[in-house]
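Structural features, examined
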Amino acid sequence: MRLFIGYRLADAPAARVAAIAASVRGKLPKGSWVAANSYHLTFAFLGEQRREVVPALVEALGMAVASRAAVDARLASGGFFPNERHPRAGWIGVEPRGAIEAIAPPLREALASCGVSFDTKEFKAHLTLVRLRDSWSRPAVEAFLGAVAAAGEIPFRLDRVSLFESRLLPSGAVHDEIAALPLG
(Lines give C-alpha, C1' and ligand atoms only; values in the text may rest on other atoms or scores of the structure.)
Protein backbone atom coordinates (compact mmCIF):
# COMPACT_ATOMS: atom_id res chain seq x y z
CA MET A 1 0.00 0.00 0.00
CA ARG A 2 1.26 3.48 -0.87
CA LEU A 3 0.43 5.59 2.21
CA PHE A 4 0.54 9.17 3.42
CA ILE A 5 -0.77 11.18 6.35
CA GLY A 6 -2.67 14.28 5.35
CA TYR A 7 -5.67 16.54 5.63
CA ARG A 8 -8.20 16.54 2.77
CA LEU A 9 -9.67 20.00 2.19
CA ALA A 10 -13.43 20.13 2.80
CA ASP A 11 -15.80 20.64 -0.14
CA ALA A 12 -16.56 24.36 0.31
CA PRO A 13 -12.96 25.61 0.48
CA ALA A 14 -11.96 23.07 -2.21
CA ALA A 15 -14.59 24.57 -4.53
CA ARG A 16 -13.13 28.05 -3.98
CA VAL A 17 -9.61 26.78 -4.74
CA ALA A 18 -10.91 25.00 -7.85
CA ALA A 19 -12.42 28.31 -9.01
CA ILE A 20 -8.99 29.95 -8.70
CA ALA A 21 -7.43 27.19 -10.77
CA ALA A 22 -10.19 27.39 -13.39
CA SER A 23 -9.82 31.17 -13.66
CA VAL A 24 -6.15 30.97 -14.63
CA ARG A 25 -5.55 27.48 -16.09
CA GLY A 26 -6.49 28.42 -19.67
CA LYS A 27 -4.11 31.39 -19.63
CA LEU A 28 -1.07 29.36 -18.59
CA PRO A 29 1.26 26.85 -20.24
CA LYS A 30 0.56 23.17 -19.71
CA GLY A 31 0.67 21.73 -16.25
CA SER A 32 -0.77 18.80 -14.37
CA TRP A 33 -3.53 20.39 -12.30
CA VAL A 34 -4.65 18.64 -9.11
CA ALA A 35 -8.36 17.70 -9.09
CA ALA A 36 -10.48 19.47 -6.47
CA ASN A 37 -11.37 16.20 -4.74
CA SER A 38 -7.64 15.55 -4.24
CA TYR A 39 -6.66 18.84 -2.57
CA HIS A 40 -4.78 17.97 0.59
CA LEU A 41 -1.94 18.85 2.92
CA THR A 42 0.65 16.09 3.31
CA PHE A 43 2.13 15.81 6.79
CA ALA A 44 4.19 12.70 6.00
CA PHE A 45 4.63 10.48 2.94
CA LEU A 46 5.19 6.86 3.88
CA GLY A 47 5.46 5.31 0.44
CA GLU A 48 4.96 1.58 0.06
CA GLN A 49 4.06 -0.17 3.31
CA ARG A 50 2.74 -3.59 4.27
CA ARG A 51 -1.00 -3.74 4.98
CA GLU A 52 -0.22 -5.38 8.34
CA VAL A 53 1.24 -2.13 9.76
CA VAL A 54 -2.00 -0.17 9.35
CA PRO A 55 -3.69 -1.04 12.71
CA ALA A 56 -0.59 -0.09 14.73
CA LEU A 57 -0.17 3.08 12.66
CA VAL A 58 -3.77 4.16 13.21
CA GLU A 59 -3.45 3.64 16.96
CA ALA A 60 -0.12 5.49 17.27
CA LEU A 61 -1.18 8.36 15.01
CA GLY A 62 -4.50 8.76 16.84
CA MET A 63 -2.66 9.08 20.16
CA ALA A 64 -0.19 11.55 18.61
CA VAL A 65 -2.88 14.01 17.57
CA ALA A 66 -5.37 13.51 20.41
CA SER A 67 -3.73 16.29 22.46
CA ARG A 68 -3.43 18.71 19.50
CA ALA A 69 -6.12 21.36 19.19
CA ALA A 70 -8.01 21.92 15.96
CA VAL A 71 -6.74 24.91 13.97
CA ASP A 72 -8.85 27.64 12.38
CA ALA A 73 -6.80 27.99 9.24
CA ARG A 74 -6.86 29.78 5.92
CA LEU A 75 -5.40 29.41 2.47
CA ALA A 76 -3.60 32.54 1.35
CA SER A 77 -0.81 33.60 -1.02
CA GLY A 78 0.96 31.34 -3.43
CA GLY A 79 4.37 30.20 -4.47
CA PHE A 80 6.43 27.65 -6.32
CA PHE A 81 8.77 24.81 -5.46
CA PRO A 82 11.71 24.96 -5.62
CA ASN A 83 11.31 28.70 -6.40
CA GLU A 84 9.76 31.18 -8.85
CA ARG A 85 12.80 31.14 -11.18
CA HIS A 86 12.64 27.35 -11.60
CA PRO A 87 8.98 26.47 -10.93
CA ARG A 88 8.17 22.75 -10.74
CA ALA A 89 5.01 22.92 -8.58
CA GLY A 90 2.61 25.80 -7.91
CA TRP A 91 0.98 25.96 -4.51
CA ILE A 92 -1.25 27.97 -2.23
CA GLY A 93 0.00 28.62 1.29
CA VAL A 94 -1.67 27.65 4.56
CA GLU A 95 -1.79 29.89 7.63
CA PRO A 96 -1.20 30.05 10.56
CA ARG A 97 1.92 28.25 9.47
CA GLY A 98 3.38 27.65 12.93
CA ALA A 99 0.22 26.06 14.38
CA ILE A 100 -0.16 23.78 11.38
CA GLU A 101 3.51 22.86 11.13
CA ALA A 102 3.43 21.92 14.85
CA ILE A 103 1.12 19.02 13.97
CA ALA A 104 3.77 17.23 11.88
CA PRO A 105 6.43 16.38 14.54
CA PRO A 106 4.20 14.22 16.78
CA LEU A 107 2.91 12.39 13.72
CA ARG A 108 6.43 11.71 12.55
CA GLU A 109 7.48 10.60 16.04
CA ALA A 110 4.56 8.14 16.04
CA LEU A 111 5.72 6.76 12.70
CA ALA A 112 9.25 6.31 14.01
CA SER A 113 7.94 4.56 17.13
CA CYS A 114 6.16 2.08 14.87
CA GLY A 115 9.36 1.47 12.91
CA VAL A 116 7.78 2.78 9.72
CA SER A 117 9.98 4.53 7.17
CA PHE A 118 8.81 7.84 5.71
CA ASP A 119 10.04 10.82 3.73
CA THR A 120 11.82 13.04 6.27
CA LYS A 121 11.76 16.22 4.17
CA GLU A 122 10.76 19.22 6.26
CA PHE A 123 6.98 19.72 6.32
CA LYS A 124 5.90 23.00 4.72
CA ALA A 125 2.25 23.98 5.04
CA HIS A 126 0.95 24.21 1.47
CA LEU A 127 -1.59 22.79 -0.92
CA THR A 128 -0.25 21.85 -4.36
CA LEU A 129 -2.38 23.10 -7.26
CA VAL A 130 -0.25 22.30 -10.30
CA ARG A 131 2.84 20.29 -11.18
CA LEU A 132 4.96 21.45 -14.09
CA ARG A 133 6.92 19.33 -16.51
CA ASP A 134 8.30 22.38 -18.33
CA SER A 135 9.31 25.58 -16.57
CA TRP A 136 6.94 28.55 -16.89
CA SER A 137 7.93 32.03 -18.06
CA ARG A 138 7.96 34.96 -15.61
CA PRO A 139 4.59 36.28 -16.95
CA ALA A 140 3.00 32.84 -16.39
CA VAL A 141 4.40 32.68 -12.85
CA GLU A 142 3.04 36.17 -12.15
CA ALA A 143 -0.39 35.26 -13.59
CA PHE A 144 -0.61 32.24 -11.28
CA LEU A 145 0.49 34.24 -8.22
CA GLY A 146 -1.89 37.06 -9.14
CA ALA A 147 -4.87 34.68 -9.40
CA VAL A 148 -4.10 33.19 -5.99
CA ALA A 149 -3.64 36.64 -4.42
CA ALA A 150 -6.84 37.99 -5.97
CA ALA A 151 -8.87 35.22 -4.37
CA GLY A 152 -8.10 36.51 -0.89
CA GLU A 153 -8.12 34.24 2.13
CA ILE A 154 -10.08 30.98 2.14
CA PRO A 155 -10.94 29.83 5.68
CA PHE A 156 -11.20 26.21 6.80
CA ARG A 157 -10.94 24.22 10.02
CA LEU A 158 -8.16 21.66 10.33
CA ASP A 159 -9.83 19.35 12.85
CA ARG A 160 -8.38 15.98 11.87
CA VAL A 161 -5.65 14.25 9.94
CA SER A 162 -6.13 11.03 8.02
CA LEU A 163 -4.15 8.03 6.92
CA PHE A 164 -4.61 7.72 3.17
CA GLU A 165 -3.82 5.12 0.59
CA SER A 166 -2.72 6.70 -2.69
CA ARG A 167 -3.42 4.73 -5.84
CA LEU A 168 -1.80 5.91 -9.07
CA LEU A 169 -4.16 5.52 -12.04
CA PRO A 170 -3.77 6.68 -15.65
CA SER A 171 -6.37 9.38 -14.87
CA GLY A 172 -4.37 10.59 -11.86
CA ALA A 173 -3.87 9.74 -8.21
CA VAL A 174 -6.82 8.60 -6.10
CA HIS A 175 -6.56 9.08 -2.34
CA ASP A 176 -8.68 6.70 -0.25
CA GLU A 177 -9.08 7.55 3.41
CA ILE A 178 -8.21 4.59 5.60
CA ALA A 179 -8.73 6.28 8.98
CA ALA A 180 -9.70 9.77 10.16
CA LEU A 181 -7.88 10.86 13.33
CA PRO A 182 -9.52 13.79 15.16
CA LEU A 183 -7.42 16.54 16.66
CA GLY A 184 -7.97 17.29 20.34
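Residues numbered from 1 in each chain as written. Predicted model: local features only at pLDDT ≥ 70, side-chain atom pairs only at ≥ 80, totals over all residues. Heavy atoms only, no water.

Tallied over the entire structure, the rule returns nine salt bridges. Between Arg 157 and Asp 72 there is a salt bridge; the shortest N-O distance is 2.6 Å. Here Arg 157 is found in strand β7 (residues 154–158), whereas its partner Asp 72 is found in strand β4 (residues 71–82), with 85 residues between them in sequence. Where salt bridges share partners, they join Glu 84, Arg 138 and Glu 142 into one cluster. (Salt bridge = Lys/Arg side-chain N within 4 Å of Asp/Glu carboxyl O. Helix = DSSP H or I, 4+ residues; strand = E, 2+ residues; numbered from the N terminus.)

This part takes up the sheet that holds strand β8 (residues 160–169). To summarise the sheet geometry, strands pair through backbone hydrogen bonds and adopt either a parallel or an antiparallel arrangement. Strand order in this open sheet of four strands is β3-β1-β8-β9, and the pairing throughout is antiparallel. Looking along the sheet, the strands with just one partner apiece sit at the ends: β3 (40–48) and β9 (172–182). Mean inter-strand twist for the sheet, computed between neighbouring axes without regard to direction, equals 25 degrees. With 10 bridges joining them, β8 and β9 adopt antiparallel strand pairing. Across the sheet, Phe 164 pairs through a bridge with Glu 177, a residue of β9. Sheet strands touched by helix α2 (residues 54–66): β1 (2–8), β3, β8 and β9. Its angle to β9, the strand with the most contacts, is close to 60 degrees. Sheet contacts for helix α4 (residues 104–113): β1, β3 and β8; angle to β3, the most-contacted strand, approximately 15 degrees. (Pairing = 2+ DSSP bridges. Axes fitted to C-alpha atoms, helices over the stretch in contact; angles between N-to-C directions. Contact = heavy atoms within 4.5 Å.)

A word on α4. Within α4 the residues assigned to the buried category are Ala 104, Pro 106, Leu 107, Arg 108, Ala 110 and Leu 111. Summarising the contacts, the buried residues of α4 are in contact with β1, β3, α2, α3 (97–101) and β8. Downstream of α4 by one or two residues, Gly 115 has phi in the positive range, about 75 degrees. (Buried < 20%, exposed > 50% of the residue type's maximum accessible area, 1.4 Å probe, protein only.)

Let's shift gears to the nonpolar core. Counting residues in each nonpolar core, the largest one holds 58 residues, and the members touching the most others are Ile 5, Phe 43, Ile 100, Trp 136, Phe 144 and Leu 158. Sequence-distant contacts of Ile 100, that is, excluding residues within four places in its chain, are made with Leu 41, Phe 43, Val 71, Ala 73, Val 94, Glu 95, Phe 123, Ala 125 and Leu 158. (Core = buried A, V, L, I, M, F, W, Y, C linked by side-chain atoms within 4.5 Å.)

The next point concerns the sheet that holds strand β5 (residues 87–95). Pairing is antiparallel across the open sheet formed by five strands, whose spatial order is β2-β6-β5-β4-β7. At either end of the open sheet lies a strand with only one pairing partner, and these are β2 (32–33) and β7. Summarising the sheet, β4 and β7 pair through five bridges and their orientation is antiparallel. Within the sheet, the bridge partner assigned to Leu 75 lies in β7 and is Ile 154. In the packing of helix α1 (residues 11–25) onto the sheet, the strands contacted are β2, β4, β5, β6 (126–131) and β7, and the crossing angle to β7 comes to about 140 degrees.

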